[in-house]
Amino acid sequence: MKVDSPNLQRFEPVLRKVVTILLYVWQLPQNLAGLLLVAVLRPEQSYDYEGSRIYYASRMRGGISLGRYIVIRDVMKDYTGAVEQHELGHAKQSRILGWFYLFVIGIPSLLWAAWWNESRNRDYYSFYTERWADHLGGVNRC
Ligand SMILES: [Zn+2]
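Described below are features of the structure shown in this document. (Residues numbered from 1 in each chain as written. Predicted model: local features only at pLDDT ≥ 70, side-chain atom pairs only at ≥ 80, totals over all residues.)

Topic: the nonpolar core
One recurring pattern in soluble globular proteins: nonpolar side chains tend to sit buried together.
No. 1: By size, the foremost hydrophobic cluster in this structure holds 13 residues, and its most contacted members are I54, Y55, Y69, I70, V71 and I72.
No. 2: Looking at this core, the elements that each hand over two or more residues are β2 (52-57), β3 (63-66), β4 (69-73) and α3 (82-97).
No. 3: With near-sequence residues (within four places) excluded, Y55 lies in contact with V38, P43, Q45, S46, Y69, I70, V71 and I72. (Core = buried A, V, L, I, M, F, W, Y, C linked by C-beta atoms within 7 Å. Buried ≥ 20, exposed ≤ 12 C-beta atoms within 10 Å, placed from the backbone. Helix = DSSP H or I, 4+ residues; strand = E, 2+ residues; numbered from the N terminus. Contact = placed C-beta atoms within 7 Å.)

Here's what the structure looks like:
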C-alpha cells in the first residue's frame, strides 16, 4: 500500500479543526459558562496551554475550570504549576464527561468548595472531584 503523505499533510489541519469544533460542542454548557465568567471578570492575563486557555483575574476567588476556559485568582499563580495542573485535570474531566461534566463534577465541586474550610478537618483534595483532577493533572500532594 502506498501512503500519499502530501495529501495526508494537507488533510491534517482540517481534521484538527473538526476535532476542535466537536470537542467544543461536546463541552458546550461549561464552555458557555466559562465565556460568561471571562466576560464578567475581565481577567488581566491569559495564555493557551494544552488545549485550554488559562486566565488570571484579580476579581476571581480560587480557581475554576469550565470547558476550554480556566480562570485562576491572579495571586494564586503558582510557580510550581500545581494550581494550573489541577485545573488542567478538571479540563480533562470535562473532555471525558462532556455535557455530564457540570452534574458529575462542576456542581458537586462547587458545593464541596462552599462547605469546606480549614476547620472541617478534612483534606480539600480528598473529595472525589478533586482527587480525580489531581490524578489526571499529575499533581502529587504528598
Ligand atoms: Zn478542583
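Digging into the pairing of strand β1 (residues 45-49)
No. 1: With zero of its five residues buried, β1 lies for the most part at the surface.
No. 2: Direction of pairing for β1 relative to β2: antiparallel, over a ladder of five bridges. Looking at β2, one finds that Y49 is bridged to S52.
No. 3: The loop that links β1 with its antiparallel partner β2 comprises two residues; one of these, E50, has a positive phi angle of about 45°. (Pairing = 2+ DSSP bridges.)

What about helix α4 (residues 101-115)?
No. 1: When the terminal C-alpha atoms of α4 are compared, their 20 Å separation across 15 residues agrees well with the 21 Å that a helix rising 1.5 Å per residue should span.
No. 2: Every buried residue belonging to α4 is among Y101, I105, G106 and S109, and all of these are buried. One face of α4 carries all of its buried residues, which in axial projection span an arc of 85°. Exposed residues on α4 whose side chains face more than 90 degrees from its buried face are F103, I107, L111, A114 and W115.
No. 3: Each element contacted by the buried residues of α4 is listed here: α2 (28-41), α3 and α5 (128-137). (Expected span 1.5 Å × (residues − 1). Arc of directions from axis to C-beta.)

Observations regarding the sheet that holds β1
No. 1: One open sheet holds the four strands; their spatial order is β1-β2-β4-β3, and the pairing between them is mixed. Because the sheet does not close on itself, it has two edges, and the strands there are β1 and β3. The sheet shows a mean angle of 15° between the axes of neighbouring strands, taken without regard to direction.
No. 2: Across five bridges, the pairing between β2 and β4 is parallel. Bridge assignment links I54 to a residue of β4, and that residue is I70.
No. 3: On top of the sheet, α2 reaches β2, β3 and β4; it is set at about 40° to β4, its chief contact.
No. 4: Contacting β2, β3 and β4, α3 runs over the sheet at an angle of about 25° to β3. (Axes fitted to C-alpha atoms, helices over the stretch in contact; angles between N-to-C directions.)

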